[in-house]
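Structure assessment
Take a look at the letters that make up each chain.
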Amino acid sequence: MSSSPEALLPKDQTLDAALRPASWDDYIGQEQIKANVRIVLEAAKKRGGMPEHILFYGPPGVGKTTLAHLVSRALETPLKSTSGVAIERASDLAAILTNLEPGTILFIDEIHQLSRKIEELLYPALESGTLDIILGKGPSARTVELSLPPFTLVGATTRVAQISGPLRSRFGGGVYQLDFYTNGDLEKIIRRSAEVLNLSVPKDVIVQIAARSRATPRIANALLKRVRDFSEVHERALSSVVCDEACTLFGIDALGLTKDDRRYLETLDRSFRGGPAGVRALAAALHEDVETLEQVYEPFLLRLGFVERSLRGRILSGRGRAYLATGALI
Ligand SMILES: Nc1ncnc2c1ncn2[C@@H]1O[C@H](COP(=O)(O)OP(=O)(O)OP(=O)(O)O)[C@@H](O)[C@H]1O
Ligand SMILES: [Mg+2]
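What this report covers is the structure whose coordinates are included nearby. (Residues numbered from 1 in each chain as written. Chains lettered and ligands numbered in written order. Predicted model: local features only at pLDDT ≥ 70, side-chain atom pairs only at ≥ 80, totals over all residues. Heavy atoms only, no water.)

Moving on, we come to the site of ligand 1. Residues in contact with ligand 1 amount to 21 residues; listed here are only the nearest, Arg20, Ile28, Lys64, Thr65 and Thr66. One of the backbone N or O atoms of Val62 is found 3.3 Å from an oxygen atom in ligand 1. Within the contact set of ligand 1, an oxygen atom lies 3.1 Å away from a side-chain nitrogen or oxygen of Asn221. For ligand 1, whose accessible area on its own is 630 Å², the fraction buried by protein is 99%. For the shell around ligand 1, the secondary-structure elements that each account for two or more residues are helix H1 (13-19), helix H3 (64-75) and helix H9 (217-233). When the residues that make up the shell around ligand 1 are grouped by side-chain class, the tally is nine nonpolar, six polar and six charged. (Near = heavy atom within 4 Å. Polar contact = N/O pair within 3.5 Å; in protein donor to acceptor, adjacent residues only side chain to side chain. Areas by Shrake-Rupley, 256 points an atom, 1.4 Å probe, with all protein chains shown as cover. Helix = DSSP H or I, 4+ residues; strand = E, 2+ residues; numbered from the N terminus. Nonpolar A, V, L, I, M, F, W, Y, C, P; charged D, E, K, R; others polar.)

Take helix H10 (residues 240-250) next. Taken residue by residue, H10 has Val242, Cys243, Ala246, Cys247 and Phe250 as its buried positions. In an axial view of H10, the angular spread of the buried residues amounts to 130°, which keeps them on one side of the axis. What points out from H10, more than 90 degrees from its buried face, is the exposed set Val241, Thr248 and Leu249. Its buried side turned inward, H10 meets helix H8 (203-211) and H9. Phi turns positive, to about 75°, at Gly251, one or two residues after H10. (Buried < 20%, exposed > 50% of the residue type's maximum accessible area, 1.4 Å probe, protein only. Arc of directions from axis to C-beta. Contact = heavy atoms within 4.5 Å.)

Turning our attention to the pattern of salt bridges. Here the structure, examined in full by the defined rule, presents 20 salt bridges. A salt bridge links Arg212 to Asp244; its shortest N-O distance comes to 2.6 Å. Placement of Arg212 in the loop between H8 and H9 and of Asp244 in helix H10 is noted, with a sequence separation of 32 residues between them. With a relative accessible area of 7%, Arg212 lands in the buried category. With a shortest N-O distance of 3.4 Å, Arg228 and Asp229 are connected by a salt bridge. Residue class for Arg228 comes out buried when judged on its relative accessible area of 16%. The class for Asp229 is partly exposed, based on a relative accessible area of 35%. Where salt bridges share partners, they join Arg159, Glu291, Glu294, Glu298, Arg309 and Arg314 into one cluster. (Salt bridge = Lys/Arg side-chain N within 4 Å of Asp/Glu carboxyl O.)

Moving on, we get to the side chain of Thr130. Inspection of the secondary structure puts Thr130 in strand E4 (residues 130-135). Taking relative accessible area as the criterion, Thr130 reaches 10% and is therefore assigned buried. Those residues in contact with Thr130 that lie beyond four places of it in its chain are Pro124, Ala125, Glu145, Leu146 and Leu148.

As for its position among the elements, Thr157 is in strand E6 (residues 151-157). Its relative accessible area of 0% is what places Thr157 among the buried residues. Placed 93 residues apart in sequence, Thr157 and Lys64 show a C-alpha to C-alpha distance of 8.1 Å. Those residues within four positions of Thr157 in sequence are excluded, and the remaining contacts are Leu55, Phe56, Tyr57, Gly58, Lys64, Glu110, Ile111, His112 and Ile163. For Thr157, the side chain forms a polar contact with the main-chain nitrogen of Arg159, separated by 2.8 Å.

Below, the structure written as structure tokens:
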């Protein structure tokens, strides 16, 4: 298995399902978002109606889908999951909306991928619970207004900038940015996952895994599992030495960076003299697409302060240079 940052974000369905928090208490961190969302939900419950629509955005693996599940659990209502790419035609949207059980949470993942045409159809559905359908073609075409069952849309996206202003303004229940996690929060998540997986993991190993998890719960869980596999295959108890050896084998350093991250930094340093480098030129030099650069590599490198984004392109920072020279955080 390769250890590119993408490979560290496997959407392992069974792993995700087993470790996905099923209660607010198990959902670690993001305290302000939790508090706000819970008020929106409580208020709706008290009124006996549906909450307003909610949008979550942030990097991959930080808990957006999990929050959508928690919203439906809190309201004890069904959840219908779909994604922006799956709703291509007006008829796709009509089929989903008209078949909703009343009171459903409609979760649209990667909602930025909805086309403008679908977005426009969605507006009246979000505002007044109606859907305008055009029947027929040409001069005989007529519009029929369908009444929809009550529902709440929960959207999630890694690319909030691609969501149009009009759509964004329709999330009356709030637009929430999920942050990266502190190492302390990741340690709590790893401790809980270890319990769920029935693993005994020493404290220093938990700390080590947290530090190498790129501030991302999904990576923390995946790394825990991989380190466990390593210790089982070698028939050695999980210890900090074993964890170190495993991570060396996986090509994940003490900061959670992989050889692909280093290749990014080195290319910026050598081929572009530290930048500014345009994102397209940098992506071409790395044989990656711009989207992978922006969504997978850069969020964490930016967070570490190794790379800066300017109008003229990406720049390797002093910290980034120091890391390349020493392999450590200075
Ligand atoms: N706050 C949290 N507390 C505990 N575990 C979490 C938390 N957030 C995420 N996780 C764990 O990380 C996994 C990935 O989270 P989730 O699928 O919700 O991320 P996402 O933001 O939807 O990612 P993507 O953008 O790739 O869809 C979950 O299955 C869960 O095990
Ligand atoms: Mg998700």
